[in-house]
Amino acid sequence: MLDVLIVGGGPVGLFLGCLLSARGLSVQILERRAEAGAHSRAIGIHPPALEAFEVLGIASPLLAAGVPITSGLVRGERGAVLGELDFSSVSARFPFILSLPQQRTEQILEAELERLAPGTLRRQAEVKTVQEEGSHVTVRYEQHGQPHTAQARYVVGADGCRSLTRQLAGIPYPGATYADKYLMGDFPDTTVFGQAAVIGLHAGGVLESFPLPGGLRRWVARTDSLLTDAVAADLTALVHSRGGYYLPHRECSMLSAFEVRHHLTAQMVRGRLILIGDAAHEVSPIGGQGMNLGWLDAAALADLLGGGAGQSALADFGRRRRRSALIATRQAEANMFFGRPARGAAQQRRERLVGTLLRSGAQPLLAKAFTMRWL
Ligand SMILES: Cc1cc2nc3c(=O)[nH]c(=O)nc-3n(C[C@H](O)[C@H](O)[C@H](O)COP(=O)(O)OP(=O)(O)OC[C@H]3O[C@@H](n4cnc5c(N)ncnc54)[C@H](O)[C@@H]3O)c2cc1C
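Residues numbered from 1 in each chain as written. Predicted model: local features only at pLDDT ≥ 70, side-chain atom pairs only at ≥ 80, totals over all residues. Heavy atoms only, no water.

K.L.:
How should I be thinking about the site of the ligand in this particular structure?
P.N.:
In the vicinity of the ligand there are 28 residues, among which Glu31, Gln102, Asp278, Met291 and Asn292 approach most closely. Contact between the ligand and valine 12: an oxygen atom at 3.1 Å from a main-chain N or O atom of the residue. Within the contact set of the ligand, an oxygen atom lies 2.9 Å away from a side-chain nitrogen or oxygen of arginine 33. Protein coverage of the free-state accessible area of the ligand, which is 1000 Å², stands at 90%. Contributing elements (two or more residues each) for the shell around the ligand: α1 (11-22), β2 (27-31), β9 (125-133) and α7 (290-306). Each residue belonging to the shell around the ligand can be placed in one class, and the counts come to 11 nonpolar, 10 polar and seven charged. (Near = heavy atom within 4 Å. Polar contact = N/O pair within 3.5 Å; in protein donor to acceptor, adjacent residues only side chain to side chain. Areas by Shrake-Rupley, 256 points an atom, 1.4 Å probe, with all protein chains shown as cover. Helix = DSSP H or I, 4+ residues; strand = E, 2+ residues; numbered from the N terminus. Nonpolar A, V, L, I, M, F, W, Y, C, P; charged D, E, K, R; others polar.)

K.L.:
Help me out: how do you make sense of the pairing of strand β15 (residues 216-223) in this one?
P.N.:
Two faces belong to every sheet, and in a regular strand the side chains alternate between them. Taken across its eight residues, β15 has seven buried, putting it largely inside the fold. As judged from the eight bridges shared by strand β12 (residues 175-188) and β15, these two strands associate in the antiparallel manner. Across the sheet, the residue bridging to methionine 184 is valine 220, located in β15. In this sheet, β15 lies alongside strand β14 (residues 205-212) in antiparallel orientation, the contact comprising six bridges. From the neighbouring strand, phenylalanine 210 faces β15, where its bridge partner is arginine 218. Counted between consecutive antiparallel strands, the loop separating β14 from β15 contains three residues, among which glycine 214 sits at a positive phi close to 80°. (Buried < 20%, exposed > 50% of the residue type's maximum accessible area, 1.4 Å probe, protein only. Pairing = 2+ DSSP bridges.)

K.L.:
Would you explain the pattern of salt bridges in this entry?
P.N.:
Pairs can form between side chains of opposite charge once their charged atoms are near each other. In this structure the tally under the stated criterion is 22 salt bridges. Close ionic contact of aspartate 180 with arginine 222 constitutes a salt bridge, the shortest N to O distance being 3.1 Å. Of this pair, aspartate 180 sits in strand β12 while arginine 222 sits in strand β15, placing them 42 residues apart in sequence. For arginine 222, a relative accessible area of 7% puts it in the buried group. (Salt bridge = Lys/Arg side-chain N within 4 Å of Asp/Glu carboxyl O.)

K.L.:
How do you make sense of the sheet that holds strand β3 (residues 44-45) when you look at a structure like this?
P.N.:
Strand pairing in a sheet is mediated by backbone hydrogen bonds. Such pairs are either parallel or antiparallel. Pairing in this open sheet of three strands is antiparallel, and the strands run β3-β7-β4 from one edge to the other. The two strands at the open ends of the sheet, each matched to only one other strand, are β3 and β4 (67-69). Summarising the sheet, β3 and strand β7 (residues 97-99) pair through two bridges and their orientation is antiparallel. Note on β7: the bridge partner recorded for isoleucine 45 is leucine 98.

K.L.:
I keep staring at the layout of surface pockets and nothing clicks. Help me out?
P.N.:
Gaps between atoms show up when a probe of the same size as a water molecule is rolled over them. Considering only enclosed or pocket space, the second largest pocket measures out at about 150 Å³ in volume. Its residues assigned to classes, the lining of the second largest pocket shows three nonpolar, three polar and four charged. (1 Å grid on protein atoms, 1.4 Å probe; cavity = no way out; pocket = protein on both sides within 12 Å on 5 of 7 lines; lining within 4 Å. Points joined across faces, edges and corners; volume = space filled by probe spheres on them.)

K.L.:
So what exactly am I meant to see when it comes to the sheet that holds β15 here?
P.N.:
Taken together, the eight strands give an open sheet; going across it, the order is β6-β5-β13-β14-β15-β12-β16-β19, and neighbouring strands pair in mixed fashion. In the strand order of this sheet, the two ends are held by β6 (81-86) and β19 (281-282), each with one partner. Bridge count for strand β5 (residues 71-75) against strand β13 (residues 196-202) is five bridges, and the pairing is parallel. Directly across from serine 71, in β13, lies its bridge partner alanine 196.

K.L.:
Looking at this structure, how should I read the nonpolar core?
P.N.:
Judged by nonpolar contacts, the single largest core of 52 residues is most densely connected at Phe53, Ile274, Ile276 and Leu305. Sort the elements by how many residues they give to this core and α7 lands first, with eight residues. When sequence neighbours within four positions are dropped, the list of residues in contact with isoleucine 276 reads Val12, Leu16, Val156, Gly157, Ala158, Met268, Asp297, Ala298, Leu301 and Phe317. (Core = buried A, V, L, I, M, F, W, Y, C linked by side-chain atoms within 4.5 Å. Contact = heavy atoms within 4.5 Å.)

K.L.:
What's the story with the packing of aromatic side chains in this structure? I'm lost.
P.N.:
To describe a pair of aromatic rings, you give the distance between the ring centres and the angle between the ring planes. Scanning the model with the defined rule gives seven aromatic pairs in all. Seen from their ring centres, phenylalanine 94 and phenylalanine 96 are 6.1 Å apart, and the 80° between their planes marks the pair as edge-to-face. Residue phenylalanine 94 is classed as buried on the basis of its relative accessible area of 1%. Ring centres of tryptophan 219 and tyrosine 245 lie 5.1 Å apart, and the angle between their planes is 50°; this geometry places the pair in the tilted category. (Phe/Tyr/Trp six-rings, centres within 6.5 Å; stacked < 30°, edge-to-face > 60°.)

K.L.:
Which parts of the structure should I look at to understand the environment of threonine 356?
P.N.:
You can see threonine 356 is positioned in helix α9 (residues 344-359). Relative accessible area serves as the criterion here: at 51%, threonine 356 is assigned to the exposed category. Spatially, the C-alpha atoms of threonine 356 and methionine 268 are 39 Å apart, while their sequence positions differ by 88 residues.

K.L.:
What should I look at first to understand helix α4 (residues 102-116) in this one?
P.N.:
Along an α-helix, residues three or four apart share an orientation, since each turn contains 3.6 residues. In a regular helix each residue adds 1.5 Å, so 15 residues correspond to 21 Å; α4 covers 21 Å between its end C-alpha atoms and thus fits that length. Along α4, the positions that sit buried rather than exposed are Gln102, Thr105, Glu106, Ile108, Leu109, Glu112 and Leu113. One side of α4 carries all its buried residues, which in axial view fall inside an arc of 165°. (Expected span 1.5 Å × (residues − 1). Arc of directions from axis to C-beta.)

And the structure:
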């Protein structure tokens, strides 16, 4: 009988595995993939997550691999600087957002888990059924074509937005797809922006760029439709027409068109079954909070499971974390709103409003909101 079985070894399941193992609980993570996901999705690791990693002693390898983003420069249609989000006051230890591609983050978390509790992660292990049976939960899974059974006091579904755990429990996951679409790609960094992120509020739609490790920069442009057939030259043309920057399209190392959704589960805790991460909430990545939100779920849950909390504490955990997910959802919606196309007078009004906000006493509060200080 395990203390906790975690379905899904993505970034959230891996971090929960580290937290619970460090508290001395017996934990197993079942992950169907053979290795960390190849898609570069999240790049932003926020100060609250770095603080939680540091407590466990696993922040150093992430800090060594990533690049700190120390500020966000906001520019208008003609390149004029409207203001700056300065992250220097958001955290005494980590006054920045760490930029690191998700695949690398997952690899480092997996190595740290293996160091803390060897054998906790089982790969190529696909969960098929999850059944609560009074004092425990029984999970059936297949590994290398062989059927297996495991039992645990609690099962945590950290199995992403299509969570089988959630579906088997019949827990609704209401939400929708936004109209906003984006095209993103990674290129050698040919700009002078260094460790600053740049958010360009252009008449045709937002153009954002972020430093990446290895001398690269990620570019994200809002598009009117989902450009699934786009090639690198389509993105470099957009970047040039909006921001005036030339990118070497032949040196594009990643290109992806994506659409954005929001979902929030009706319940994060049902009996001995708990949902965290994208299994519980999907937030638009514009603002870069989804993975971090899941890590904060994991940190809050580990305190409860490690301390033998009862059902009412778990129910309270579910309510608090759903509220945080709702705030993150609204914040991402505000980011998307400001990045929509706006022409003529509407564009001028937007630039005036954003410029005024960033030069006012609200700037430190905005920097806190962007770095998830209250989630
Ligand atoms: C373009 C893009 C950019 C983003 N940028 C950011 C960002 O900058 N910052 C940020 O915080 N977030 C960002 N996000 C969101 C982030 O990628 C997700 O929130 C994060 O991956 C969620 O992690 P998770 O572990 O909950 O789920 P997932 O990453 O989906 O992992 C779930 C795991 O469960 C496994 N699994 C599923 N079903 C089973 C089963 N039956 N048995 C065994 N294993 C199973 C899967 O194989 C997978 O490994 C971005 C997302 C996108 C699309």
